Amino acid sequence: HREDPHCRNAYQFLLDTARFYDINRELLYAGDMMPPGSLHCDTIEVEFLVRGIFTRFQDYHTITRRLPAVLHGVWKSPGNDPVLILANYTDEPRSWLFENHAGVLPERSYRAIQL
């Protein structure tokens, strides 16, 4: 699928997700998730497939939810300052604001910001 132009961006995002986790695994695996605080960003409509393991193809349906375009969490490992983790899963750059930090996160990307 990685060569299919229709799937290329999604495949690359999957690889980038694994790389980001690997680079930050000490924090994300062994660190502590802190209270998330309040991130301000756009909200978008996201469509989800509702289907169980035995649902026949003709019986599935979708639901739509309004969600933040940038997902976030605050993590802390012992002896280090907290880190804001940002994830833009959309196909457009997204502006964000968290306390006294702000920026634009490129499409399908992650960022770790020392707080």
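**Description of the packing of aromatic side chains**
- For the structure shown, the criterion picks out three aromatic pairs.
- Geometrically, the ring pair formed by phenylalanine 13 and tyrosine 110 is stacked, given 5.5 Å between the ring centres and 5 degrees between the ring planes. Remark: tyrosine 110 occurs in strand β9 (residues 109-114) and phenylalanine 13 occurs in helix α1 (residues 8-23); sequence separation between them is 97 residues.
- Overall, the relative accessible area of 21% leaves tyrosine 110 in the partly exposed class.
- With a centroid separation of 4.9 Å and an interplanar angle of 20 degrees, the aromatic rings of phenylalanine 20 and tyrosine 110 are classed as stacked. Here phenylalanine 20, found in helix α1, pairs with tyrosine 110, found in strand β9; they are 90 residues apart in sequence, far enough to count as distant.
- Overall, the relative accessible area of 14% leaves phenylalanine 20 in the buried class.
- Through a chain of ring-to-ring contacts, the aromatic side chains of Phe13, Phe20 and Tyr110 assemble into a single cluster.

**Remarks on the sheet that holds strand β2 (residues 39-41)**
- If you walk across this open sheet you meet the three strands as β2-β7-β8, and the pairing is antiparallel. A strand with exactly one partner marks an edge of an open sheet, and here the two such strands are β2 and β8 (101-105). Averaged over all pairs of adjacent strands, the angle between strand axes in this sheet comes to 20 degrees, irrespective of strand direction.
- Of the pairings in the sheet, the one linking strand β7 (residues 94-98) to β8 comprises five bridges and is antiparallel in character. Directly across from phenylalanine 98, in β8, lies its bridge partner histidine 101.

**A word on the pattern of salt bridges**
- The final tally for this structure, using the stated rule, is five salt bridges.
- A salt bridge links arginine 94 to glutamate 92; the nearest nitrogen and oxygen atoms lie 3.8 Å apart.
- A relative accessible area of 9% places arginine 94 in the buried class.
- Through salt bridges that share partners, Asp42, Glu92 and Arg94 make up one connected network.

Calculation criteria
Residues numbered from 1 in each chain as written. Predicted model: local features only at pLDDT ≥ 70, side-chain atom pairs only at ≥ 80, totals over all residues. Heavy atoms only, no water. Phe/Tyr/Trp six-rings, centres within 6.5 Å; stacked < 30°, edge-to-face > 60°. Helix = DSSP H or I, 4+ residues; strand = E, 2+ residues; numbered from the N terminus. Buried < 20%, exposed > 50% of the residue type's maximum accessible area, 1.4 Å probe, protein only. Pairing = 2+ DSSP bridges. Axes fitted to C-alpha atoms, helices over the stretch in contact; angles between N-to-C directions. Salt bridge = Lys/Arg side-chain N within 4 Å of Asp/Glu carboxyl O.

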